[in-house]
Amino acid sequence: MSTFKAPKGTYDLIPPESAKFLAVREALSAPLRRSGYGYTETPGFENVELFARGVGESTDIVTKEMYTLTTKGGDELALRPEGTASVLRAALEANLHKSGNLPVKLWYSGSYYRYERPQKGRYRHFSQVGAEAIGAEDPSLDAELIILAHDAYRSLGLRDFRILLNSLGDKECRPVYRAALQEFLRELDLDEETRARIEINPLRVLDDKRDSVQKQLVGAPMMRDHLCEACRSYHEQVRELLTSAGVTYEDDPKLVRGLDYYTRTTFEFVHDGLGSQSAVGGGGRYDGLSEMIGGPALPSVGWALGVDRTVLALEAEGVELELPPATEVFAVPIGDEARRVLFGAVTELRRQGVAADFAYGGKGMKNAMKSANRSGARFALLVGERDLTEGVAQLKDLGSGEQTAVALDRVVTEVRARLA
Ligand code: HAM
């Protein structure tokens, strides 16, 4: 072991577990790639102001959880705590919204950083796959995104997740609701920090997990009873589209998300096998964010799905992913000349698309066969001195133990035929 360990709240992805993460990223993004979303990558850090303005000055993410730094040049940066503000910033900077082709649909995958209290499912470095559809106000776009996330989880074999759905209203109806909620909350018996929250971000109080608070919230005014006609009709259309796509959801009038930019549709995917960190993904509409970061009005909607928690959800449901073998053929040479010949065969196999590995380091036959078995390969390819004089290699099925001599110049053809 080295003297160093992975920093608190982080963990390393190493084989064989890491293959599962790759497969999950692939599965979460596959429906997006089939639906017109283009791949986007932004830097791991941004100007701190982007998140302060975008995610919200009063959110936990901005006040408590950002990793901020001042560069030698005096720039105030933050490691990205989420992807939406960055992706929208990138789209605006590249003028994608002026292409005449709205919505601009983008997807991304990467690392995010939040200085949170670590526990199972909550890390300081975590991974998301996200999608943003920028510049269109259309209930079918909201529905599309929810359906795509639903289908992604299903494609992985997940069953025990639920979709919570709410509308947070818009700039017309939310301020009226906010005032009504504040009036209600000010009458409650709450601690000082929560009282302060009533003034800054009263909707977050609804999200308080403590029983003592939840008990007092019975009878609190709910956004859904204060939606203006436009928001109510929009939300109704999203619900109808989900239902006709066979996607079931639960109306959750108390669903408020931890980021300030949301308007209208908000949703969360929760998994029942994950304990307190049950949100495997979440998102919603953010019609005002572009203007908040200095852009034009661009109504948009998106989500991010947590890769780490999706892997935990698979484990909780006992779902084993069918992963392609890392190695299909493992080559075991006996002697120097065999090593040279077999190395050539391995190179050719790889060039022809066969996953092949080699017993490096001059191992003896016994150790080399151990490596072959550990690699999970279907076949070992052995060449000894006698094989060389006969111009053959021994192709051994590591499952059945059956061994066949194959002409050296037919190894690639034979292996490919058997793998097919
Ligand atoms: P979020 O709800 O903050 O939304 O994060 C989305 C998902 O990332 C969560 O549901 C969870 O699975 C995962 N996640 C968040 N924090 C952690 C953590 N500390 N450890 C492990 N996993 C975590 C957003 O980030 C928004 N940008 C989503 C969005 C996109 N809204 C519109 N567009």
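In this text, all values refer to a predicted model and were calculated from it rather than measured experimentally.

Chemist: Sorry, what's going on with the UniProt feature "binding site: L-histidine" (unreviewed entry) in the chain here?
Modeler: With numbering aligned to this structure, UniProt lists the feature "binding site: L-histidine" (unreviewed entry) at Glu82, Gly83, Thr84, Arg114, Gln128, Glu132, Arg257, Tyr261 and Tyr262. As for the second largest pocket, its lining draws on Arg257, Tyr261 and Tyr262 from among the annotated residues. Note on placement: arginine 114 falls in the loop between strand 5 (104-113) and strand 6 (125-134). Taking the relative accessible area as the measure of exposure, arginine 114 reaches 14% and is therefore buried. Arginine 114 has contacts with Ile61, Glu65, Tyr67, Pro81, Glu82, Tyr123, Arg124, Phe126 and Gln128, leaving out every residue within four places of it along the chain. When neighbours within four sequence positions are excluded, glutamine 128 is seen to be in contact with Gly83, Tyr108, Ser109, Gly110, Tyr112, Arg114, Ala304, Leu305 and Val307.

Chemist: Where do I start with the packing of aromatic side chains in this structure?
Modeler: The geometry of an aromatic ring pair is captured by the separation of the ring centres together with the interplanar angle, meaning the angle of the planes. Tallied over the full model, the rule gives 13 aromatic pairs. Here phenylalanine 343 and phenylalanine 358 contribute two aromatic rings whose centre-to-centre distance is 5.5 Å and whose plane-to-plane angle is 80°, an arrangement assigned as edge-to-face. Here the residue phenylalanine 343 occupies a position in helix 12 (residues 336-351), and phenylalanine 358 occupies one in strand 13 (residues 356-358), the gap between them amounting to 15 residues. Assessed through its relative accessible area of 38%, phenylalanine 343 is described here as partly exposed. Above the ring of tyrosine 234, the side-chain terminus of arginine 264 is found at 4.7 Å from the ring centroid.

Chemist: Honestly, the pattern of salt bridges in this entry has me stumped. Any pointers?
Modeler: Enumeration over the complete set of coordinates arrives at 29 salt bridges. Note that arginine 33 is salt-bridged to glutamate 26, the shortest N-O span being 3.2 Å. A residue is classified by how much of its surface remains accessible, and arginine 33, at 38% relative accessible area, is partly exposed. Within this structure, Asp60, Lys64, Glu193 and Arg197 form a network of salt bridges that share partners.

Chemist: Would you mind going over the packing of helix 6 (residues 174-186) against helix 7 (residues 192-200) with me for this structure?
Modeler: Two quantities define a packed helix pair, namely the angle between the helix axes and the distance between the axes. Taken N-terminus to C-terminus, the directions of helix 6 and helix 7 make an angle of 160°; their axes are 9 Å apart at the nearest point. Comparing the axis directions of helix 6 and helix 7 gives the class roughly antiparallel. Judged by the sense of rotation from one axis to the other, the crossing of helix 6 with helix 7 is left-handed. For the pair helix 6 and helix 7, the contacting residues are Arg178, Gln182, Leu185 and Arg186 in the first and Arg195, Ile198, Glu199 and Ile200 in the second. Counted by class, the contact of helix 6 with helix 7 contains 3 nonpolar, 1 polar and 4 charged residues.

Chemist: What's the story with the layout of surface pockets in this structure? I'm lost.
Modeler: Gaps between atoms show up when a probe of the same size as a water molecule is rolled over them. Estimated volume of the second largest pocket: approximately 630 Å³. What lines the second largest pocket is a set of 32 residues, among which Arg174, Asp260, Tyr261, Tyr262 and Thr263 lie closest to the centre. Put simply, the parts of the chain that give the lining of the second largest pocket at least two residues each are helix 2 (48-55), helix 6, strand 9 (263-271) and helix 10 (289-292). At 3 residues, the largest contribution of residues to the lining of the second largest pocket is made by helix 6.

Chemist: How do you make sense of the pairing of strand 4 (residues 76-79) when you look at a structure like this?
Modeler: Each regular strand carries side chains that alternate between the two faces of the sheet. As judged from the 3 bridges shared by strand 2 (residues 45-47) and strand 4, these two strands associate in the antiparallel manner. Each residue of the ladder has a partner; that of asparagine 47, found in strand 4, is leucine 77. Both strand 3 (residues 68-70) and strand 4 contribute to a ladder of 3 bridges, which runs antiparallel. Within strand 4, the position partnered with threonine 70 by the bridge is glutamate 76. Counting the residues that bridge the hairpin from strand 3 to strand 4 gives 5 residues, and of these glycine 74 lies at a positive phi of roughly 90°.

Chemist: Just checking my understanding: could you explain the pairing of strand 14 (residues 379-383) for this structure?
Modeler: Across the 5 residues that make up strand 14, a large majority, 5, are buried. Burial of strand 14 is two-sided: the residues Phe379, Leu381 and Val383 facing one way and the residues Ala380 and Leu382 facing the other way are all buried. In terms of strand pairing, strand 12 (residues 329-333) meets strand 14 through 5 bridges, oriented parallel. Note that in strand 14 the partner of valine 332 across the bridge is leucine 382. Bridging between strand 14 and strand 15 (residues 392-397) involves 4 bridges; their strand directions are antiparallel. When the bridges of strand 15 are listed, leucine 382 appears paired with glutamine 394.

Cut-off values and rules
- Residues numbered from 1 in each chain as written.
- Predicted model: local features only at pLDDT ≥ 70, side-chain atom pairs only at ≥ 80, totals over all residues.
- Heavy atoms only, no water.
- UniProt positions renumbered as here; feature names shortened; annotations may be inferred.
- 1 Å grid on protein atoms, 1.4 Å probe; cavity = no way out; pocket = protein on both sides within 12 Å on 5 of 7 lines; lining within 4 Å.
- Helix = DSSP H or I, 4+ residues; strand = E, 2+ residues; numbered from the N terminus.
- Buried < 20%, exposed > 50% of the residue type's maximum accessible area, 1.4 Å probe, protein only.
- Contact = heavy atoms within 4.5 Å.
- Phe/Tyr/Trp six-rings, centres within 6.5 Å; stacked < 30°, edge-to-face > 60°.
- Lys NZ or Arg CZ within 6 Å of the ring centre and 35° of its normal.
- Salt bridge = Lys/Arg side-chain N within 4 Å of Asp/Glu carboxyl O.
- Axes fitted to C-alpha atoms, helices over the stretch in contact; angles between N-to-C directions.
- Parallel < 35°, antiparallel > 145°, perpendicular 65-115°, else oblique.
- Left-handed = near helix turned anticlockwise from the far one by under 90°.
- Nonpolar A, V, L, I, M, F, W, Y, C, P; charged D, E, K, R; others polar.
- Points joined across faces, edges and corners; volume = space filled by probe spheres on them.
- Pairing = 2+ DSSP bridges.

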